[in-house]
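A closer look at the structure
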Amino acid sequence: MRILYATAALLAALSLSALAEGDADKGAKTFKKCKACHAIVADDGTTIVRGGRVGPNLYGVVGRRAASVEEFKYGKGLVEAGEIGLVWDKENFIEYLKNPPRFVAAYIGVPKVVARMAFRLSKGGEDLYAYLKRVAEDGS
């Protein structure tokens, strides 16, 4: 009986760990909401996902400093956040998606900012992050 409980606990822990990592396939589906404003175009110019140009190219966003895509005009708050060290790691990315203006304001230490990204994603940020990471690693 102890072995059964131990096995069940181990399986539960492993599945929670996998969920925390995010599901790139689910993230690909979630990205359909994002492509109204964002495209994914590799550094060599290959279009991976055709999308809008209202937002910056999201190729390589994982681990990138905020507001650092050349020739894209970011809002002042996000530019300041990038200048003081905001990097799109998993935690920052997921929290930003939940409420971009509030996240940026808190990061730079002001009561309020106007953020150009009005879209909010309360669930599935870890999946989207996993997808964007996979795209940058293997182009799919």
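Note: the structure precedes this text.
Calculation rules
Residues numbered from 1 in each chain as written. Predicted model: local features only at pLDDT ≥ 70, side-chain atom pairs only at ≥ 80, totals over all residues. Heavy atoms only, no water. Disulfide = S-S within 2.5 Å. Buried < 20%, exposed > 50% of the residue type's maximum accessible area, 1.4 Å probe, protein only. Phe/Tyr/Trp six-rings, centres within 6.5 Å; stacked < 30°, edge-to-face > 60°. Helix = DSSP H or I, 4+ residues; strand = E, 2+ residues; numbered from the N terminus. Patch = residues over 30% accessible without salt bridge, like charges linked within 9 Å, V, L, I, M, F, W, Y side chains within 5 Å. Areas by Shrake-Rupley, 256 points an atom, 1.4 Å probe, with all protein chains shown as cover. Salt bridge = Lys/Arg side-chain N within 4 Å of Asp/Glu carboxyl O. Lys, Arg positive; Asp, Glu negative; His and termini not counted. Charge placed at Lys NZ, Arg CZ, Asp CG, Glu CD. Core = buried A, V, L, I, M, F, W, Y, C linked by side-chain atoms within 4.5 Å. Contact = heavy atoms within 4.5 Å. Axes fitted to C-alpha atoms, helices over the stretch in contact; angles between N-to-C directions. Parallel < 35°, antiparallel > 145°, perpendicular 65-115°, else oblique. Left-handed = near helix turned anticlockwise from the far one by under 90°. Nonpolar A, V, L, I, M, F, W, Y, C, P; charged D, E, K, R; others polar.

Let's shift gears to the state of the cysteines. Applying the stated rule across the entire model yields zero disulfides. This cysteine, C37, is not joined by any disulfide, and C34 carries the nearest cysteine sulfur, 8.7 Å off. For C37, a relative accessible area of 32% corresponds to the partly exposed category.

Taken as a whole and assessed by the stated rule, the structure comprises seven aromatic pairs. Ring geometry for Y96 versus F103: centroids 5.9 Å apart, planes at 85°, classification edge-to-face. A relative accessible area of 10% places Y96 in the buried class. The buried category is assigned to F103, whose relative accessible area is 13%. For the ring pair F103 and Y107, a centre distance of 6.1 Å and an interplane angle of 25° mean the geometry is stacked. A residue pair is termed a helical-turn pair when its members lie 3 or 4 positions apart in one helix, as F103 and Y107 do in helix α5 (residues 100-108) at four residues. Relative accessible area serves as the criterion here: at 29%, Y107 is assigned to the partly exposed category. Through pairs of rings, three or more aromatic residues link up here, namely W88, Y96, F103 and Y107.

Taken together, the side chains of K26, K29, K32 and K35 define a basic patch exposed on the protein surface. When you line up the elements, K29 lands in helix α2 (residues 24-34). A relative accessible area of 61% means that K29 is categorised as exposed.

What follows concerns the nonpolar core. The biggest cluster of nonpolar side chains holds 33 residues, and the ones touching the most others in it are F31, I40, L78, W88, L128, Y131 and L132. For this core, the leading source of residues is helix α6 (residues 125-138), giving six residues. Not counting chain neighbours up to four residues away, the residues in contact with L128 comprise G27, F31, C34, F93, L97 and L121.

A few words on the packing of helix α4 (residues 90-98) against α6. With their axes 9 Å apart at the nearest point, α4 and α6 run at an angle of 125° to one another. Between α4 and α6, the angle falls in the class oblique. Seen from above, α4 lies across α6 with right-handed handedness. On the side of α4, the interface is formed by K90, F93, I94 and L97, while α6 contributes G125, E126, L128, Y129 and L132. Along the lines of polarity and charge, the residues of the contact of α4 with α6 split into six nonpolar, one polar and two charged.

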